[in-house]
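Residue-level structural notes
One-letter residues, chain by chain:
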Amino acid sequence: MKTGIAYVGCGFVADFYHACLPNSADLLEVTGCWDRNIARLQAFTGYHRLHAYGSLDEVLADPRVKIVVNLTNPDQHYTVSKACLEAGKHVYSEKPLAMDLDDARALIALAREQDLEIAAAPASVLGEAAQTLWRAVRKDVAGPVRLVYAELDDGMVHKIGYQNWRSISGAPWPARDEFATGCTLEHAGYALSWLAAMLGPVRRVVAHAALTVPDKGPETPASYTTPDFSCGCLVFDGGVVARVTNSIIAPHDHRLRLFGEGGELRMGEIWDFEAPVTFRPVLESRAERFIEKKTGLRRSRTLPPVRKRKVASAANGANMDFTRGLAEMAEALVEGRTPRLAGDFSLHITEVSLALQYPDRFGTDYQVTSDFAPMTPMPWAG
C-alpha cells in the first residue's frame, strides 16, 4: 500500500523532489500540492499534472495525506510544520528544520506529544555512496578515523547568472531567500549527517563565519548580513575532529576525506549518490613520498559499492534522490519504527548547522546540547 504525500510549497526545489519520485513509486503517492503563490501552484500542478489543493487547511483535512512534504521557504518551515503536526500529519521538511533552535526543539517536542514523526533533509546519508563510505568506516578499511576534512564550497554563485536559473516547471532560483538563509544552513547538513551517522553526536563546535561579499547582485536581500562563509572544527563523541567548510565564494569543492591511521577514505562529490569511494593507504617511507611527488601517481583503490542502482536524478542534473528520505520515512511508518532522519537526529543536525553559521549568537566555542540514538545503516548496506 502506498503512503499518501502532499507537497506544500511548489518552488524551485519541488521539481527536484517530483523528478525523483519514480525511484519510490512503489512506496509514495502524491495526493496533491499547495502553494500560497497561486500562479506558482498552477504552473507546477499544470506541468506535472497534479491536483491543486485550495488551501493548506484543505491539505490537512485530506485523510489520504499521511506525510506533508514541507518545501516552503526556510523562514516558513516552523509555522507550516507546526500546523501540520497539530493537524495530525507526519512531516518531512526541507532543511533546515527551523531557523531558530528553540523553534526546532518545539517541533520535536510537539511531534512526540502528538505521536508523530518529523524529519528534515538532506537524505544523502541514505544514498549508496554514503553507505559505501560508512561500511568502510565500520570495517576499519583505513584504520580508526582520527581526522575529517569536509568541503562544501559552491563558487561565486552571484557571478554565474543565477537570475536565469529556472526549474523544469519554470520556478526561478530563490536567490534572495537563499542568500538570506545562508549557505551553511542550506548545505552543512550534507556533511554533518554523514559524519554524525558514522561517528556519533557532535559535542563541541569551534567556528568562525563571515559575510565576505555583501553585494550579490539584484537579488541581494535588504540589510544582508548572513555569512557566505563558515569554517568550524567539530569534536565528535569519541574524540574524532572534523574541519567543515561552507561557502558560496571558493570554487566548487564537495570533497569529503576521512583520515585513519592506515590511510585516507575519500569522496570527490558528496552530492552524487553514485560517487566512487576510494582508499589511499598511508605512505610509509620517504622514498614512497618522493616517487608519488615525482610521478604524480597515487597509490589508491576504489572500494566496491554496497549496491549499484541508477537513480532518477533531480531536475538540475544532480545525481541525488531527493525522495530517499521520504521513502525511508514511509517504510518506517509501515514498520512501526522511527525514521532514520527523524526527531533527535534532525534536531542535532539543525543545532550544529546553526552553531556553525552563527558563532556570534552561539559563541565561537559552543557545547552542543542535543543528542540522538545511534543510526543503523540501510539494510542493504552490508
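Structure's up top.
Residues numbered from 1 in each chain as written. Predicted model: local features only at pLDDT ≥ 70, side-chain atom pairs only at ≥ 80, totals over all residues. Heavy atoms only, no water.

In this section: the overall build of the chain. The number of helices and strands found in the chain is twelve helices and 14 strands. Its C-alpha atoms give the chain a radius of gyration of 21 Å, near enough to 21 Å, the size a compact globule of 382 residues would have. With 382 residues in all, the chain has 57% of them scored as buried. At a minimum sequence separation of 6, the contacts of the chain that also span at least 24 residues come to 71%. (Helix = DSSP H or I, 4+ residues; strand = E, 2+ residues; numbered from the N terminus. Rg over C-alpha atoms; globule rule 2.2 N^0.38 Å. Buried < 20%, exposed > 50% of the residue type's maximum accessible area, 1.4 Å probe, protein only. Contact = heavy atoms within 4.5 Å.)

Within this structure, the stated rule accounts for zero disulfides. The cysteine Cys183 is free of any disulfide, with Cys231 supplying the nearest cysteine sulfur at 12 Å. (Disulfide = S-S within 2.5 Å.)

With that out of the way, let us pick up the nonpolar core. By size, the foremost hydrophobic cluster in this structure holds 123 residues, and its most contacted members are Tyr7, Tyr17, Tyr92, Trp194 and Leu256. Looking at this core element by element, the count peaks at twelve residues for helix H8 (residues 183-199). (Core = buried A, V, L, I, M, F, W, Y, C linked by side-chain atoms within 4.5 Å.)

Here helix H11 (residues 344-357) spans 20 Å end to end across 14 residues, near enough to the 20 Å set by a 1.5 Å rise per residue. Burial analysis of H11 places 13 of its 14 residues in the buried class, which makes it a mostly covered element. (Expected span 1.5 Å × (residues − 1).)

Moving on to the sheet that holds strand S7 (residues 202-210). Within the open sheet, the nine strands sit side by side as S13-S12-S11-S10-S6-S9-S8-S7-S14. Their pairing is mixed. The strands lining the two open edges of the sheet, one partner per strand, are strand S13 (301-302) and strand S14 (365-367). Sheet topology places strand S10 (residues 256-260) next to strand S11 (residues 263-267); five bridges connect them, and they run antiparallel. The residue of S11 that forms the bridge with Gly260 is Gly263. (Pairing = 2+ DSSP bridges.)

A word on the pairing of strand S1 (residues 3-8). By the criterion of burial, S1 is predominantly enclosed, with six of the six residues buried. Residue alternation in S1 divides its side chains into two sets, Thr3, Ile5 and Tyr7 and Gly4, Ala6 and Val8, and both sets are buried. Pairing of S1 with strand S2 (residues 28-34), which is carried by six bridges, proceeds in the parallel orientation. Paired with Tyr7 across the strands is Cys33, a residue of S2. Traced from S1 through helix H1 (residues 12-20) to S2, the parallel crossover comes out right-handed. The pairing of S1 with strand S3 (residues 67-70) spans four bridges and is classified as parallel. Opposite Ile5, over in S3, you have Ile67 as the bridge partner. (Right-handed = clockwise from strand over helix to strand, strands pointing away.)

Okay, helix H2 (residues 38-48) next. Listed as buried for H2 are Arg40, Leu41, Phe44, Thr45 and His48. Down the axis, H2 shows its buried residues gathered within 120° of arc, on one side only. For H2, the exposed residues set more than 90 degrees away from the buried face come down to Ala39, Gln42 and Gly46. Elements in contact with the buried residues of H2: S1, H1 and S2. One side-chain oxygen at the N-terminal end of H2 lies 3.2 Å from the backbone nitrogen of Ala39; it belongs to Asn37. (Arc of directions from axis to C-beta. Polar contact = N/O pair within 3.5 Å; in protein donor to acceptor, adjacent residues only side chain to side chain.)

This paragraph deals with the sheet that holds strand S4 (residues 90-93). Strands sit in the order S2-S1-S3-S4-S5 across an open sheet of five strands; the sheet is parallel. Whereas interior strands pair on both sides, the edge strands pair on one side only; in this sheet they are S2 and strand S5 (118-120). Adjacent strand axes in the sheet meet at a mean angle of 20°, parallel and antiparallel pairs treated alike. (Axes fitted to C-alpha atoms, helices over the stretch in contact; angles between N-to-C directions.)

Among all residues except glycine, the phi angle is most often negative; among peptide bonds, the trans geometry is most common. Each neighbour pair has its own omega, and for Lys95 with Pro96 the value is -10°, a cis peptide bond. Structurally, Pro96 can be placed in the loop between S4 and helix H5 (101-113). Cis geometry is found at the peptide bond from Ala121 to Pro122, where omega equals 5°. As for its position among the elements, Pro122 is in the loop between S5 and helix H6 (128-138).

Moving on: the packing of aromatic side chains. Considering all chains together, one arrives at 13 aromatic pairs under this definition. Among the aromatic residues, ring-to-ring pairing joins Tyr162, Trp165, Trp173, Phe179 and Tyr224 into one connected group. One Lys or Arg, Arg138, reaches over the ring of Trp134 and ends 5.6 Å from the middle of that ring. One Lys or Arg, Arg243, reaches over the ring of Tyr149 and ends 4.0 Å from the middle of that ring. (Phe/Tyr/Trp six-rings, centres within 6.5 Å; stacked < 30°, edge-to-face > 60°. Lys NZ or Arg CZ within 6 Å of the ring centre and 35° of its normal.)

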